[in-house]
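# Architecture and fold: a report
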Amino acid sequence: MDIPANRHSLTKIIATLGPASANEAVVEALIRTGVSVFRINFSHGSFEDFEHMLQLVRRVADQCERSIGVMGDLSGPKVRIGKVIDGGVTLEAGQHVRFVKADRVTDETGPITFSTTCPQVLDEIRPNEPILLDDGAVRLRCVSQAGDGEETVVTAVVTVGGVITSSKGMNLPETSLTLPALTEYDRACLRFVVEKRFDFVSLSFVRHADDVRLIKEELRALGARPSPECIVEGAPSTFASYGAESFIPVISKIEKPQAIDALEEIVHETDVIMVARGDLGVEMDLAQVPVIQKRIITECNDQGKPVIVATQMLQSMIHSATATRAEVSDVANAILDGADAVMLSGETAVGKYPVEAVQTLRGVGLYTHEQRRDQAGSTWLPAKPRASKYRTAALACGVGAVLRELESPLVAIWSSHGGGASYLSQLRLPLPVVAFSADPAALRRMSIMYGIWPIHRTLPDRTSTFIRDIDALLLKQSWAKAGDPIVIVLGEPFGRPGLTNSLRIHYVGDRLDTTPLS
């Protein structure tokens, strides 16, 4: 499908940087193709590598005149097998193996014995609990736990065999783990995120709302979260409405069964949710994952929180130039369910076709939203914030009512710190919302919001200047034509943060039509 360069998917695209994409030419191509946020995975590489990738994105984004977000993805307390001899060891069904706390290199002499990167988990594994290795490709079941302290030994029987090499993942879906939400390495990464001014930070293996509170406290201590007394009482808890320049939103990754049990509280406490289907599909029955994904998206939509769907969106495109029909259906269904963003991992980090993968996502997004175009007036506010009397949320609801009567190509808003833009994003309009701000950091935080196209502008001296600026941009980019009606949302006095109180209908090119709606 030939896609015009000036059309953008309302559902945002997140791309993971890696060897296949961490160069200027590919990053530029990804941005121009439709990537809004780049993910830097702290599980692979050094701080020098991470800073290089961050500065690469910042430099290319400036050249492209785009507001592009960067996410730092914390590794979390990932349990892995220790060192194994070159070539790995082969486990066969019915074989007994041991797990010990002492650091060792596993070989095939004597009883096969593994070490682990988190020795304390051996104290918590109980008989009959499953032990899954290599994303569940190799499966075992605990037979016994013996010994105390450093002498603890877990014996397990192999139920599904395979080859295990160094550092393979070790999942314990039925074990009640007490691992800390943040490791010391995570804390070092968090300091790095704040120092280098990343736009988002994601927390892996969230189990409880307390995990989210912990990272928020850590960020607050580093000066990257507002203190509780700065949050406006009665305001909905949208993630970009605090107005602090150094505010870093937290993305909570849902990939543990325990998180599903505490989902509503976790969504309430966090800023953004990621449906991390990789570990989720290992720790739970695969048949449950699609239903759980829909449940998570619905809860996020109800609470007005952005939600990302991730993992194996276009897995085949790591090696193939085209996606499978099942993958395309998966992407479209995530969009129809209400995802704010979809994320590529290996497809752009190590795949052979990173740009083609993003082109595929963009094409699916554009076509899917085109089919919803006739539903422009069918908008809704999130269920829980709807109870609030907060002014900007009510005004955003009014936009939906006005659009029922107009054939408008877009909505425009001046959103100083992103709060107003976040409310419009929650409406899930099948139209783009062009959000203007003079704050580059706020614009990058908007990069993850459904339907929001962030544009940097210096603060105009008056409303009429802003409207003329909108006209010039829309005509230059061919986003609208002369005479098109557009809805403009702003505050008067103009440009005052937190004061979004005016909704106007303006016809492109008609500078006289600036009367506020009553």
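Thresholds, definitions, all that
- The written sequence of each chain sets the order in which its residues are numbered from 1.
- Predicted model: local features are reported for residues with pLDDT of at least 70 only, side-chain atom pairs are reported and counted for 80 or more only, and whole-chain, interface and lining totals are derived from all residues.
- Remark: hydrogens and water are excluded; side-chain values derive from all non-hydrogen atoms of the structure.
- Only rings of Phe, Tyr and Trp enter the pairing, Trp through its six-membered ring, and a pair is recorded when the two centres are within 6.5 Å. The plane angle decides the type: under 30 degrees is stacked, over 60 is edge-to-face, the rest tilted.
- Numbered from the N terminus, helices here are DSSP runs of H or I no shorter than four residues, and strands are runs of E no shorter than two.
- Only protein chains enter the accessibility calculation, which uses a 1.4 Å probe; a residue is then buried when its area is under 20% of its type maximum, exposed when over 50%, and partly exposed in between.
- Strands are treated as partners if at least two bridges between them are detected by DSSP.
- Simply put, an axis is a line fit to the C-alpha atoms, just over the touching stretch for a helix, and the angle between two N-to-C directions goes from 0 to 180 degrees.
- To estimate how far a helix should reach, multiply one less than its number of residues by 1.5 Å.
- Note that the arc is computed from the directions linking the helix axis to the C-beta atoms.
- The predictor's confidence in any single residue is recorded as pLDDT, a number from 0 to 100.
- Pairs of residues are marked as contacts when any of their non-hydrogen atoms sit within 4.5 Å.
- Roughly parallel means an angle under 35 degrees; roughly antiparallel means over 145; roughly perpendicular covers 65 to 115; every other angle is labelled oblique.
- By convention, the crossing between two helices is left-handed when the near helix turns anticlockwise from the far helix through less than a right angle, and right-handed when the turn is clockwise.
- Here the nonpolar group is Ala, Val, Leu, Ile, Met, Phe, Trp, Tyr, Cys and Pro; Asp, Glu, Lys and Arg are the charged ones; every other residue, Gly included, is treated as polar.

### Brief notes about the packing of aromatic side chains
For the coordinates displayed, the defined rule picks out 12 aromatic pairs. Seen from their ring centres, F47 and Y185 are 6.1 Å apart, and the 45 degrees between their planes marks the pair as tilted. Of this pair, F47 sits in helix α2 (residues 47–64) while Y185 is found in helix α3 (residues 184–196), placing the two residues 138 residues apart along the sequence. Judged by its relative accessible area of 29%, F47 falls in the partly exposed class. Taken together, the ring pairs in this structure connect F42, F47, F50, Y185, F192 and F198 into an aromatic cluster.

### With respect to the sheet that holds strand β20 (residues 433–437)
With respect to topology, five strands assemble into an open sheet ordered β21-β20-β19-β22-β23, the strand pairing being mixed. This sheet does not close on itself; its edge strands, each paired only once, are β21 (452–456) and β23 (502–507). Between one strand and the next, the sheet's axes are offset by a mean angle of 25 degrees, whatever the strand orientation. Alignment of strand β19 (residues 411–414) against β20, held across four bridges, turns out to be parallel.

### Some points on helix α9 (residues 325–337)
Its 13 residues give α9 an end-to-end C-alpha distance of 18 Å, which sits within 8% of 18 Å, the value for a rise of 1.5 Å per residue. Listed in full, the buried residues belonging to α9 are E327, V331, A332, A334 and I335. Here the buried residues of α9 occupy an arc of 155 degrees about the axis, which is enough to place them on one side. Facing away from the buried surface of α9 by more than 90 degrees, the exposed residues are R325, A326 and L336. At the C-terminal side of α9, G338 shows a positive phi close to 115 degrees.

### Focus on the confidence of the model for the protein chain
Overall, the prediction assigns the protein chain a mean pLDDT of 88, with 87% of residues at 70 or greater. Of the regions scoring below 50 in pLDDT, residues 233–238 engages in 14 contacts with residues more than four places distant in sequence or in other chains. Counted against residues more than four places away or in other chains, residues 385–389, with its pLDDT under 50, gives seven contacts.

### Topic: the sheet that holds strand β1 (residues 12–16)
Pairing between the strands of a sheet comes from backbone hydrogen bonds, and it takes one of two forms, parallel or antiparallel. The strand order β1-β2-β3-β14-β15-β16-β17-β18 describes a closed barrel built from eight strands, whose pairing is parallel. Each strand axis lies, on average, 25 degrees off the axis of its neighbour in the sheet, ignoring direction. Relative to strand β18 (residues 341–344), strand β17 (residues 307–310) runs parallel, the two sharing three bridges. Directly across from V309, in β18, lies its bridge partner V342. Sitting on the sheet, α2 touches β2 (35–41) and β3 (69–73), and the angle it makes with β2 is about 170 degrees.

### Some remarks on the side chain of R444
In this fold, R444 is placed in helix α14 (residues 440–446). Ignoring anything within four residues of it in the chain, the contact list for R444 reads R58, S67, I68, G69, D199 and F200.

### Focus on the environment of A209
Position of A209 relative to the elements: it lies in helix α4 (residues 209–221). In the structure, A209 is positioned 57 residues away from I266 in sequence and 4.5 Å away in space, judged by C-alpha atoms. Those residues within four positions of A209 in sequence are excluded, and the remaining contacts are E265, I266 and E269.

### Here's the deal with the packing of α3 against α4
Between α3 and α4, whose axes approach to 10 Å, the crossing angle comes to 50 degrees. Considered as vectors, α3 and α4 are oriented oblique to each other. Pair α3 / α4 crosses with right-handed handedness. Across the interface between the two elements, R187, L190 and V194 of α3 pack against L214, I215, E218 and L219 of α4. Per-class residue counts for the contact of α3 with α4 are five nonpolar, no polar and two charged.

### Here we look at unusual backbone geometry
Of note, the phi angle at S167 is positive, near 65 degrees, even though the residue is not glycine. Overall, the relative accessible area of 42% leaves S167 in the partly exposed class. Phi angles above zero are rare outside glycine, and F205 is one such case at about 55 degrees. By the element assignment, F205 lies in the loop between β14 (200–203) and α4.

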